[in-house]
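Close look at the chain arrangement
In case you want the letters, here they are:
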Amino acid sequence: MENYTLVVLTLAATIRVATPLVLAAIAGMFSERAGVIALGLEGMMLGAAFAAAAVSAVSGSAWLGLGAGMAASVALALLIGFATVTHRGNQVIAAMAINIMIAGLGPTLGLAWFGLGGQTPQLEGAGQRFTALAWPGVEAARAHPFPGLLYAELLSGQNLIVYLAALLVPLSAWVLYRTRFGLRLRAVGENPLAVDTAGISVTGLRYQALAICGALAGVAGTYLSTAASAGFSRDMTAGKGYLALAALIFGKWKPYPTLGACLLFAFTDAVAAQLQGRSLPFVGVVPVQFIIALPYVLTVLLLAGFVGKAVAPAAIGVPYSKEK
Amino acid sequence: MRPIPSVRALVALACLAAGARAADFLPAIVYDMGGKFDRSFNQSASDGAAKFAKDTGIAVRDFEITNAAQREQAMTQFARRGASVIVAIGFDQASAVEAVAKKFPNVKFAIVDGTVDLPNVQSINFREQESSFLCGMAAAMASKTGKVGFVGGMDVPLIRKFALGYVEGVHYVNPAAEVFENMTGTTPAAWNDPTKGAELAKSQFGRGADVVFHAAGGTGLGVMQAAADMGKLSIGCDSNQDYLHPGSVLTSAVKRVDTAVYQTFLGAKNGTWKPGKIYLGLAEDGVGFSLDEHNRKLITPEIEAKLDEARADIIAGKIKVSEYHAQ
């Protein structure tokens, strides 16, 4: 019984940790499928986290925060587009420039506006954060742990953005594989010349893809500062943008496998939290250092042996030029 | 062309300038990762520096590092610009202090939470295990489930010291109590990851804990937020953090970094500063637990009486709190 509770709680933690990864990875999928490397996810998320927390702190509304987060992140994505699509700059460098710029700009603006050393004020007012939504009948469900606990801990008790992320995966799969826009988007990442020959604007499509990428990364960043925690602090993304990118590659640039990769990363993370300081059969207490490295060790092993070849979109990282 | 007098004049001017500088008292402080406003360890230091500046009217120069390489750079800059005393906050700065202090034997250095054996360095350490012990007792007395948690920042001996004292305090009250221990990470980034902190706290609450103590700097803000969100109790660290979530913060393991910084600056100014090792525990009022209007309702008179008794016993040596030693 206790083990069952533990499993359910680990799964609930998996969902919470996976949410920003799923949002960011799907954001990256739109960008990369259109041929623009999504290395800027980290900066977009961090920028959104800051904008969302700042606006929510001032206005008192998490929804305005979400809007500001998405707007900030879209602006950054379009900036990357301006450098790499319009001016055909190097995508890796443009994205890294954004990441580093935001890492400094967020705390600087925060310091200037709030005087709290680059943090935003704690969000504690009602409506300033996306808090957990309790579904009807949760207490009744707890009385019958099997399967009531699954309902109480997994389905209920998550915040709105989690449900949004869950809906996003089938939606993006549909957009990518079942709509004309999706077909063109994939084509522009594989063979932009063919798209251009067909009379469709490569530049326009890539900008659209980047805008979608920015909007979704903005939701991911907003989740970090207004749902998972209460306020912005320096470098709070802590590499989640890069992790999402790894999940995207791991998932071979496809929505469902990417979701699986995000869930796997989050699951190992949740398990790592549970394993710390526990005595395991045969091995005894495993050192913290090893447990913390576990998700990454697993990633390397899976990438090396079990996933098979991950083929990137053919035109990724290559600026498109008509003359060539 | 007779350059000699002008050179002499320059030298004289330089000497004059140096003399003028030496007469001024220039205190400086270098904060650790987590930043000056982490509402915890560094902020406590910053409070001390601010108090000194207010009381004496002498401005304190400060530096917030954002990566490890900046530590030595910042201290060297301060020393070169004629700082009289440089306080380094955090154990991670020990090697930088050692390197810079050797280069500038006339500048006074102080390190908080670390030990550097040089004739111009003061090493200030706290007996965190003693305040952690009291917080462990408070946690065990406030817990209804008999299960409590601990979330540490970076896995280093200092944080193990907090953890050990806490566990001993818990078991002093309730030998059967279960303590869950989690460390956030093994790099300095572990001081500033509130999302992970919240996740670790939630996993401990999920396993039945109802009081969680953090010693994790900025990460701890996430721990305390999770406790407030889930209607559980948390225990703050270093600064008095009771005000962050009134009614949900049981107490805080206060570490008077502010007093230490203030005293160091004042001592250096008045000429009473001495190099060597200083240990601040309950007896010296260097550590303690917080009690104010925000947690008055949580710390009942019985709990308070027991804590005060244990406090006296620790000072008298009747209760021995173990100190963590890395192998």
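Scroll up to find the structure.
Predicted, not measured: the structure shown is a model, and the values here were computed from it.

Considerations on helix H7 (residues 194-206) of chain B
Residues and elements named next belong to chain B. Taking 1.5 Å of rise per residue, the 13 residues of H7 would be expected to cover 18 Å, and the 18 Å separating its terminal C-alpha atoms lies within 8% of that figure. Counted residue by residue, H7 has 13 buried out of 13 residues, so it is predominantly covered. Just beyond H7, the residue with positive phi is glycine 208, at close to 115°.

Digging into the sheet that holds strand S5 (residues 121-126) of chain B
All names here are of chain B. One open sheet accounts for 6 strands, arranged S2-S1-S3-S4-S5-S11; its pairing is parallel. The open sheet has two edge strands with one neighbour each: strand S2 (61-64) and strand S11 (276-280). Sheet twist, expressed as the mean angle between neighbouring strand axes with direction ignored, is 15°. The pairing of strand S4 (residues 108-112) with S5 spans 4 bridges and is parallel. By the bridge assignment, alanine 110 is partnered in S5 with glutamine 122. Taken strand by strand, helix H4 (residues 94-103) contacts strand S3 (85-89), S4 and S5, and its axis lies near 170° from that of S4.

Thoughts on the environment of proline 194 of chain B
Within the secondary structure, proline 194 of chain B sits in helix H7. Judged by the 30 C-beta atoms lying within 10 Å of it, proline 194 of chain B falls in the buried class. Spatially, the C-alpha atom of proline 194 of chain B lies 39 Å from that of proline 119 of chain B, the residues being 75 residues apart in sequence. Among residues more than four places away in sequence, those in contact with proline 194 of chain B are Ser229, Ser233 and Met236 of chain A together with Gly218, Thr219, Leu221 and Gly222 of chain B.

Thoughts on the packing of H7 of chain B against helix H8 (residues 219-229) of chain B
A pair of packed helices can be characterised by two numbers: the angle between their axes and the separation between those axes. All names here are of chain B. The geometry of H7 relative to H8 is characterised by a closest axis approach of 6 Å and an angle of 45° between their N-to-C directions. Taken together, the axis directions place H7 and H8 in an arrangement best described as oblique. For the pair H7 and H8, the crossing hand works out as right-handed. Contact residues: Pro194, Thr195, Lys196, Gly197, Ala198, Ala201 and Lys202 in H7; Thr219, Gly220, Leu221, Gly222, Val223, Gln225, Ala226 and Ala227 in H8. Classifying every residue of the contact of H7 with H8 gives 7 nonpolar, 6 polar and 2 charged.

Conventions used here
- Residues numbered from 1 in each chain as written.
- Chains lettered and ligands numbered in written order.
- Predicted model: local features only at pLDDT ≥ 70, side-chain atom pairs only at ≥ 80, totals over all residues.
- Helix = DSSP H or I, 4+ residues; strand = E, 2+ residues; numbered from the N terminus.
- Expected span 1.5 Å × (residues − 1).
- Buried ≥ 20, exposed ≤ 12 C-beta atoms within 10 Å, placed from the backbone.
- Pairing = 2+ DSSP bridges.
- Axes fitted to C-alpha atoms, helices over the stretch in contact; angles between N-to-C directions.
- Contact = placed C-beta atoms within 7 Å.
- Parallel < 35°, antiparallel > 145°, perpendicular 65-115°, else oblique.
- Left-handed = near helix turned anticlockwise from the far one by under 90°.
- Nonpolar A, V, L, I, M, F, W, Y, C, P; charged D, E, K, R; others polar.

Limitation: the analysis is restricted to geometry and does not speak to function.
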